[in-house]
Structures are given as C-alpha cells and as structure tokens.
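Structural description and commentary
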Amino acid sequence: MAAVSAMVSIGGRPSWSIRVARVFLVVAAVIVLAWLLVLPLIAIFAEAFRQGWAFYRDAISQPDSIAAVRLTLTVAAIAVPLNVVFGLAAAWTMTHFNFPGKALLGALIDLPFSVSPVVAGMMLILVYGKYGWLGSWLEAHGVQVIFAVPGLVLATVFVTLPFVARELIPLMQAQGSEQEEAALTLGASGWQIFFRVTLPRVRWALLYGVLLCNARAMGEFGAVYVVSGHLRGLTNTLPLQVDQLYQENFSAAFAVASLLALLTVLTLGIKRLLEWRHGEALTGR
Amino acid sequence: MRRHVLSGFRLSTGYTLAVLGSCVLLPLAALLWTACELGPSGWWAQIGTRRVLASLRLSFGAALLAATIDVLLGLLVAWVLVRYRFALRRVCDALVDLPFALPTAVAGIALTALYAPNGWLGSRLVPLGIEVAYTRLGVLLAMVFVGLPFVVRTLQPVLENLESDLEEAAYTLGASSPQRFIRVVLPLLLPTLLTGYALALARAIGEYGSVVFISGNRLFRTEIAPYLIVLKIDSQYDYRGAAALGAVMLAASLVLLVAMALLQRWTHRWAIAR
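Everything numeric here is computed off the predicted structure, so don't read it as measured data. (Residues numbered from 1 in each chain as written. Chains lettered and ligands numbered in written order. Predicted model: local features only at pLDDT ≥ 70, side-chain atom pairs only at ≥ 80, totals over all residues.)

Considerations on the overall build of chain A
Along its length, chain A carries 14 helices and 0 strands. Starting at the N terminus, the α and β elements of chain A follow one another as α-α-α-α-α-α-α-α-α-α-α-α-α-α. Projected onto its principal axes, the C-alpha positions of chain A cover 70 × 60 × 30 Å. Out of the 285 residues in chain A, the part that is buried amounts to 45%. (Helix = DSSP H or I, 4+ residues; strand = E, 2+ residues; numbered from the N terminus. Buried ≥ 20, exposed ≤ 12 C-beta atoms within 10 Å, placed from the backbone.)

Details of the interface of chain B and chain A
Contacts between chain B and chain A engage 72 residues on the former and 80 residues on the latter. The greatest single-element share of the side of chain B that touches chain A, amounting to 15 residues, is contributed by helix 1 (residues 9-47) of chain B. Of the residues that constitute the side of chain B that touches chain A, the class distribution is 54 nonpolar, 14 polar and 4 charged. (Contact = placed C-beta atoms within 7 Å. Nonpolar A, V, L, I, M, F, W, Y, C, P; charged D, E, K, R; others polar.)

What about the confidence of the model for chain B?
Of all residues in chain B, 97% have pLDDT values of 70 or greater, and the mean over the chain is 90. Complex prediction metrics read pTM 0.91 and ipTM 0.90. (pLDDT = per-residue confidence, 0-100.)

Here's the deal with helix 5 (residues 102-114) of chain A
At 3.6 residues per turn, the α-helix brings residues three or four places apart onto the same side. Residues and elements named next belong to chain A. Taking 1.5 Å of rise per residue, 13 residues should cover 18 Å, and helix 5 covers 19 Å from first to last C-alpha, within 8% of that figure. The sharpest bend along helix 5 measures roughly 25° and falls at Leu-108, with the proline Pro-112 sitting one to four residues further on. Within helix 5, the full set of buried residues consists of Leu-108, Ile-109, Leu-111, Pro-112 and Ser-114. (Expected span 1.5 Å × (residues − 1). Bend = angle between axes of the 7 residues up to and from the residue.)

What to know about the packing of helix 2 (residues 16-48) of chain A against helix 5 (residues 104-115) of chain B
Orientation of helix 2 of chain A relative to helix 5 of chain B, taken along the N-to-C sense of each, is 85°, at an axis distance of 9 Å. Taken together, the axes of helix 2 of chain A and helix 5 of chain B lie roughly perpendicular to each other. Residues Leu-39, Pro-40, Ala-43, Ile-44 and Glu-47 of chain A of helix 2 of chain A form the contact with helix 5 of chain B, whose participating residues are Val-106, Ala-107, Ala-110, Leu-111, Ala-113 and Leu-114 of chain B. In terms of residue class, the contact of helix 2 of chain A with helix 5 of chain B is built from 10 nonpolar, no polar and 1 charged. (Axes fitted to C-alpha atoms, helices over the stretch in contact; angles between N-to-C directions. Parallel < 35°, antiparallel > 145°, perpendicular 65-115°, else oblique.)

Quick word on the nonpolar core
Met-122, Phe-158, Leu-168 and Ala-257 of chain A together with Val-106, Ile-109 and Met-143 of chain B are the most contacted members of the largest nonpolar core, which has 176 residues in total. Top contributing element to this core by residue count: helix 2 (residues 50-83) of chain B, with 16 residues. Apart from residues no more than four positions distant in its own chain, Val-106 of chain B is found in contact with Ile-44, Val-242, Ala-257, Leu-260 and Ala-261 of chain A. (Core = buried A, V, L, I, M, F, W, Y, C linked by C-beta atoms within 7 Å.)

Written out as structure tokens, the structure is:
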C-alpha cells in the first residue's frame, strides 16, 4: 500500500500523457481478462441453455449424470478429509519439530503440483494396476483399485495433496510454537493442545485449504481419466461424464459442465469472502 | 537429535510419510523402475518414433511460448491490479483465479466451443484465415489460459511490497515513467518473473484437460505428449511406452522444481542484501 500512495505522490498531479497511458494499461488488462477468462465462462452457460430449460433439466437429471454427481461427491467426501488429516499432520511435523530430511519432506509435499496429472495417473496404474507392483496381490484379496472407486480416490488424493498443507505450513510457521509450549507448561496433553490451541488458530486457513482442495477434487480430469476406465454410470465422475457426453451430445455436455462451472464460481466467491473477512487469520500477519 | 518439546512427532510424521509413501513415493519409484528396466536403447525405441518426438516438440515448444506470453500478459494484469484503482478492480482480481478453479475439461470444451468454426470467435476468425480450434494455435491458447494465474499471483505480493524509494530516487534524477519501469522496476522483478515463468511452464507442459479438446489430436500435428501417454495406456495397453514418455515429463518437472528452488534462494538472498 505504501508503494501505491508513493506512486501517487510522485510528480503530484500526473501529466496528461501519463494519465492516458494509465487508462490504456487498465483497458488493455481488462480486455485480456475478458477475452481469456470471462468469454469461456459465458460460453459454457450459453451453450448449456442453447436448447432451452427443458433440455437442460433433462440433461442433468438423466441417470448417468446423477450417477456422476453422486460419484463425484463420494470421491470428494473421501479424498478431502484424507487431505485435511494429511495437511494437519504434515503441518504439525513441519512446524513444531526439527529433524534430518525436513527440507526434502517439504519438497515432497509440494511435488504433486509439478507432476502432470496424466503422469500421476499412470504411476498409480504401475503400482495398483492389474500388472502393477501391488495390483495382483490386492486383486487376490478381492480389492480392485484401478478402474474402480479406490483408484479414483487415490488419483484425487495425489493431485490435491499439497492444498491444505500449503495453507497451514506457512501460517503455523508464522505463528510459532510459543502458545503450544505455554499450554504444555500448564499441563495440557498433546491432543488438548492440538484441539484447543492449534486448531482454533488455524481454522480459517484450514477452511481455505479445504475449499481449494474440494474444487480441484471435484474437477480433476487428467489423473482420474487415466485410472477410471470411464465405465459409464460406474466410474464416471462429473468431468469424465462431460468428456463422454461431448463426443455424443454437445449441449448435454455443456449442461453437465455448467454444474462444475457453477461450483467454480461459488468457490471463487467464498474464497474472496474468506480473504476479505479473515485475511489476517489466513497469513498470520 | 534434541528431544522434542511437543508431543505427536511420531504420529504426525508417521501419517505424513504413510500417505506420501503410498500415494507419491511408491508410484514415483514404480515409474522410475519401469523406465530404468527399459534401458537407454529400449527407452529410445519408445521415445524416438516420429509420432512421440512430434508430440514432445509440440508440448515443450508450445509450453515455452505460452509461458512467455503469460509473463507479458501477467505482468500487465498484475501491474494494473496493484498500481491503479478502477471500477471492477475487485472483480478482475477475483477472476484471475478462474483457471485454477475451473475444471480443466470444462475449460477445454468451452475454449473449443468459442473457437470452433461455428463458434462465437471462430466464425469471425476463420474467414480471416486464423484457425485456432484443432491447430497448434489452439494448443498455445489453452496453455496460456491455464498458466496466466501463476504469473499474476506470483507477481502481485512482490509488486505490492516493492520499495518505492528507488523509484522515487529515479524520479528525482529525472527518469521518465517508462524509464523508471524498465531500468528500476523490471530488474527488481526479474527473479519473480522467472519464478512465474517456471510455474506457468510446468503447468503448461503437463496440462491435459484444457488442451485435448481444442487440439483435436491430429496425427503428427496437434498431439501433445500427455495425450500420447493416455492413448498408450487407454487403447494400446502399452505401459512401457507410457512409462518411457512419462519419465521424460517427470524429468522436466523435476528440473523445473530444482530451478524454482534455486530461484527462491536467489530472491531470498536478494531481499536480505537490500
């Protein structure tokens, strides 16, 4: 903010040419955003409703679409809590202790963000697929991972792994361990410290991480595509259903896609609200 | 090792390692193992085909170009959002996250619908001789779309905290506004711009969902490397070929990760030195 006010103070009243340049830059930026981001968003809803309300309602209420919604919710309901526990555990480890290999662990937590989702799905097949390292053993025990719901969950966990940890680690680092240590001297147990000192202090950042994690979990395509086998009504999540419908029925694909677009708009809205109302609680500053 | 004051070290570290092990490390090891089993000649037999080489050239070439465009557009957007106050600024700021949050398949079909010959933009561009859908230009566009927020979000906090004293000093010495930007601001932003570039590049190389619809997957022309991996697994059951290609993609990700870590150290030292 200091920079902004200083900029304004430079030169007092900006000259005519500088004002024109500013207007030009703002207009250029708005055009870039409108063309690159807003137009595709509008296109989704326009295509979805091109054939009217009745068609839209039918498209999103056909059995395969309902099954896809249900599967997407199921996968997210398993993967997101898993990542919440992972994020809390990883943040607790990374911020309260020093141990050899800590930097490496930090890098590993962030790794899934840099790996192509398609490569992630392929790696899971190499381990859990029929001819994979663990696949045949799992199959002998009656557990099918790839081309089934466990595989979808694994792929989703992989691509969303860093979301919660990434919000919590910098925050808990900024907050330090003093309050936890104070609680310890007052006789609190480890779990008491966690639930009554740590958790309340990070709750908004945790919610923020959950929000982003959930959006990605429900919208993941590449990784899930590889491990799902796209069995209609069985292993099709919403994005996979969009892909399959796109080959057959253009408008129906956009109708289902509009549900995901709606989720996106909602997510971005809540994200802004959290940043606006609890900005300090998110960064610890 | 010093005894830990707080409890829970074993539980939290154990759980973290268990999840990382089963979801990340074991799959990574399996990929490296499969790729190593091929040996250099077996690996080249998988990679050295005309089709795979064309896809790698497209994936890396388009990603490099897209990340460059992202840096230019991202710098413009970040600069305007941080330095100027205008109506709709908050909306524009919120919009930047859209490619992060919009499912890639949805973005992919939306871009395709816009630029297809009968789409809103396609029907105007195709008569001008500009074909975007089902061409390399479409691949580039989709990659620019997914990479933009990385550059903007990396730049914004740095621009906000940029010390204004240097700019003011340049002003008092008679530097014009463009001179101040090019000679003072841009060099200060360089490490951040490179970080944004690397992030956008990493995302663009590995991107699948946004690209496969608009690319049209035409043989030798618009097939991206991730598409070939999916094709090998999905319809050819060629796990070794997929692993050979996957190893190349993974190596690229790791190189970029190391580059970003070095950049971060550089930025950090820069900040301390100032």
